[in-house]
Amino acid sequence: MRIEFDNPDLFSFDDSFASLSFLGRTEPALLGKVRASFEENRSFCQKYVRPLALRTDLALQRDPTALAGEMLKLALEHRRFSRVLPGILGGLSDGTVITPMITAEETASVDAGFVGVLSGHGLGMAALAYTMNLRLLDWFARETIRGEIQGPPFLIDCAITEPSAGTDMEEVALLPHAKLVSEARRVEGGAILNGRKCFISGGHFATHHLVILPFDRHDPVKTSGVFMVPSTAKGFSLGKLEHKMGMKAGPASELVFEDCFVPDEYIVLEAAKTAGASIEPLLLGVLGTTRVYVGAWATGIGRGAFEIALQFAKRTRYRGKTLIQHQFAQRALVDMFLNVHKARSVYLEAMFALMNASGGAGAPGFTSSAWFRALFESYPARKVRHSDGVRRMLMKRSRPNAQAQQRVQFYSSLAKVVGSDVGMDNCHRALDLMGAVGLRHDAGAEKLFRDAKLCQIFEGTNQLNRLHMAQHFLARGDASMEVF
Ligand SMILES: Cc1cc2nc3c(=O)[nH]c(=O)nc-3n(C[C@H](O)[C@H](O)[C@H](O)COP(=O)(O)OP(=O)(O)OC[C@H]3O[C@@H](n4cnc5c(N)ncnc54)[C@H](O)[C@@H]3O)c2cc1C
């Protein structure tokens, strides 16, 4: 049989080398800033997170109704939530996604649960940013910073999943058929929400909830809205705190809405009015970012498993030699090391694809100057920034073209799948090498194993993400191929 090659562009330059396509677009000072943040986070994790990791996991195994309060306090005191907030608002971000990604790997290699403490707020802020509602974004970012410095905390989560719609809510192609129980109803001066969301990261830590649900649950694509609900709102309550397998420090919460009124100023976005009549770009944007983050997070777990196995092999004697002096152990460790590099390369490529699509090459140097800050804070500047016109313009400009969108989608799923499969594989290998010792809680490897499994499930299961890649890579330019 003669094979015809009908798609020579399958591995185009931009599809294959996202990092190379990014060359030359960064601020010269960016590398120094990223390196400094990396080093600072590394010593923070060794000094503060490591001593808490196993202790917290054990305490929450013994009492699944408790929260990781000590870890939350640590994160607030050391301003970990501000690290994703723009410098111009007082946050500590360098304006790129590089630092959040590489610090997620680093932190997760020490404790994936601590990343779980941070991730709900990170997801909430990412979703809020994608709505381009700068009025609420400005306010929320400043309040988060104030909450870290003076208290009390001011945190958000992002609620998409429903009891009978997880995968369907995470894949826009499936959204029209999602079996939703939640719905909003328009009333004078706002909307009334009814329904429930489940497995929401950081729900029990959050003071506000960014909720995505439709005005007509039979047409979620065109009628969905994004609502900000304070925990104190009448009609809102926290449901159960999930007693889950791993990442115990990061709460996964049920949110319940019973005739919960949301005033107009807290309706963050209405697809029908602002987002080009569809919630699709928002979901693609948010998941295209957070799946890369999960890839980095899971790479860190795989690295943590490698590091534990390495230390074990150096200290354990077998047949008169340390384990690491045996070839079988060396091969096992090299395979684990190889895995970490594979997963890291993929999430970094995905990150560059994301930055290529969004033009995010770091905040230009002048944005940290006093004159720019004064201008930014002035009343006229704020008025313009918060106007509908600027919002529409930003939404249009932030939306990648079709090719770049496809690239972001397949790369982000790739990072998520490779990272979480590697995380799981390395935990298996570490436990194999360590034998019964690895099963002990105080050895650390069994905790990583429990943590790793979650990464294969959230942000869309890996099965679903494989289909997502089929749709955004294999099916490109092939009208005969149907995925969903
Ligand atoms: C720790 C944790 C934290 C989370 N945090 C958040 C959060 O902050 N916010 C939020 O909104 N959600 C959150 N989630 C929810 C998460 O995103 C969902 O669990 C995930 O998308 C999978 O959905 P599901 O669990 O409902 O699985 P289901 O959709 O019930 O899937 C069950 C099985 O069916 C398969 N499947 C379903 N549909 C298809 C299909 N069409 N084609 C092929 N296979 C299919 C799946 O792959 C899976 O194997 C979190 C979950 C966890 C575990």
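Not measured: the values here are computed from a predicted model.

> What am I meant to see in the site of the ligand here?
By nearness alone, 26 residues border the ligand, and I160, T161, G166, T167 and S201 come closest of all. Contributions of two or more residues to the shell around the ligand are made by α5 (98-131), β1 (156-159), α7 (167-170), β3 (190-201) and α16 (462-474).

> Sorry if this is basic, but what is going on with the domain arrangement of the chain here?
Often, the extent of an interface is quoted as the loss of accessible area upon association of its parts. Examined at the domain level, the chain breaks down into domain 1 (18-152), domain 2 (157-270) and domain 3 (280-474). One C-alpha centre belongs to domain 1, the other to domain 3, and the line joining them spans 14 Å. Listed as interface residues are 42 residues of domain 1 and, on the opposing side, 47 residues of domain 3. At the level of elements, α2 (18-22), α3 (30-62), α5 and α6 (134-150) are the ones that each hand at least two residues to the side of domain 1 that touches domain 3. The residue inventory of the side of domain 1 that touches domain 3, partitioned by class, reads 24 nonpolar, 11 polar and seven charged.

> Could you clarify how one ought to interpret α5 in this entry?
Because each turn of an α-helix spans 3.6 residues, side chains separated by three or four positions in sequence point in the same direction. In this model, α5 (34 residues) spans only 21 Å end to end at C-alpha, well below the 50 Å of a helix rising 1.5 Å per residue. Burial analysis of α5 places 34 of its 34 residues in the buried class, which makes it a mostly covered element. Looking one or two places after α5, you find M132, whose phi comes out positive at around 60°.

> What's the story with the sheet that holds strand β4 (residues 208-214) in this structure? I'm lost.
Whether parallel or antiparallel, the strands of a sheet pair through hydrogen bonds between backbone atoms. Spatial ordering of the open sheet is given by β1-β4-β5-β8, a layout of four strands whose pairing is mixed. One side of each edge strand has no neighbouring strand; the edge strands of this open sheet are β1 and β8 (267-270). Going from strand to strand, the sheet's axes swing by 15° on average, the running direction of each strand aside. When β1 meets β4, the two strands line up parallel, connected through four bridges. Looking at the pairing, A159 lines up with V211 of β4.

> How should the nonpolar core be read in this particular structure?
Within soluble globular proteins, side chains that are nonpolar generally end up buried alongside one another. Core analysis: the biggest nonpolar cluster contains 131 residues, and A309 and M351 have the highest contact counts within it. Element by element, the count of residues in this core is highest for α5, at 18 residues. Leave out the neighbours within four places in its chain, and M351 touches V97, I98, M101 and V292.

> Looking at this structure, I do not really get the pairing of β3. What am I missing?
Within a regular strand, the side chains alternate between the two sheet faces. Inspection of the sheet shows strand β2 (residues 183-187) paired to β3 by five bridges, in the antiparallel sense. Residue pairing across strands places E183 opposite N194, the latter belonging to β3. Following β2, the chain reverses through two residues before pairing antiparallel with β3; G189 in that reversal takes a positive phi of roughly 80°. In the sheet, β3 pairs with strand β7 (residues 252-263) via nine bridges, with the strands oriented antiparallel. Note on β7: the bridge partner recorded for A191 is V262.

> Whenever I open this one, unusual backbone geometry confuses me. Can you help?
Backbone phi values are negative for most residues with the exception of glycine, while trans is the configuration of most peptide bonds. The residue after G151, namely P152, is reached through a cis peptide bond having omega -10°. Within the secondary structure, P152 sits in the loop between α6 and β1. Residues other than glycine seldom take positive phi values, yet F199 does so here, at roughly 55°. In this structure, F199 sits in strand β3. You can call F199 buried: it has 20 C-beta atoms within 10 Å.

> Would you mind showing me how to read the sheet that holds β3 here?
The four strands lie next to each other as β2-β3-β7-β6, forming an open sheet whose pairing is antiparallel. Edge positions in the sheet fall to β2 and β6 (236-241), since each of these pairs with one other strand and no more. With direction set aside, neighbouring strand axes in the sheet form an average angle of 15°.

> Hey, could you run me through the environment of E162 in this one?
Counting through the fold element by element, E162 comes out in the loop between β1 and α7. Looking at E162, the number of C-beta atoms within 10 Å reads 22, which means it is buried. Residues E162 and R344 lie 182 residues apart in sequence; the distance between their C-alpha atoms is 31 Å. In this structure, E162 is in contact with M169, L180, V181, S182, R196, K197 and C198, ignoring residues within four places of it in sequence.

What counts, and at which threshold
- Residues numbered from 1 in each chain as written.
- Predicted model: local features only at pLDDT ≥ 70, side-chain atom pairs only at ≥ 80, totals over all residues.
- Near = placed C-beta within 6 Å.
- Helix = DSSP H or I, 4+ residues; strand = E, 2+ residues; numbered from the N terminus.
- Domains from an automatic or database assignment.
- Contact = placed C-beta atoms within 7 Å.
- Nonpolar A, V, L, I, M, F, W, Y, C, P; charged D, E, K, R; others polar.
- Expected span 1.5 Å × (residues − 1).
- Buried ≥ 20, exposed ≤ 12 C-beta atoms within 10 Å, placed from the backbone.
- Pairing = 2+ DSSP bridges.
- Axes fitted to C-alpha atoms, helices over the stretch in contact; angles between N-to-C directions.
- Core = buried A, V, L, I, M, F, W, Y, C linked by C-beta atoms within 7 Å.

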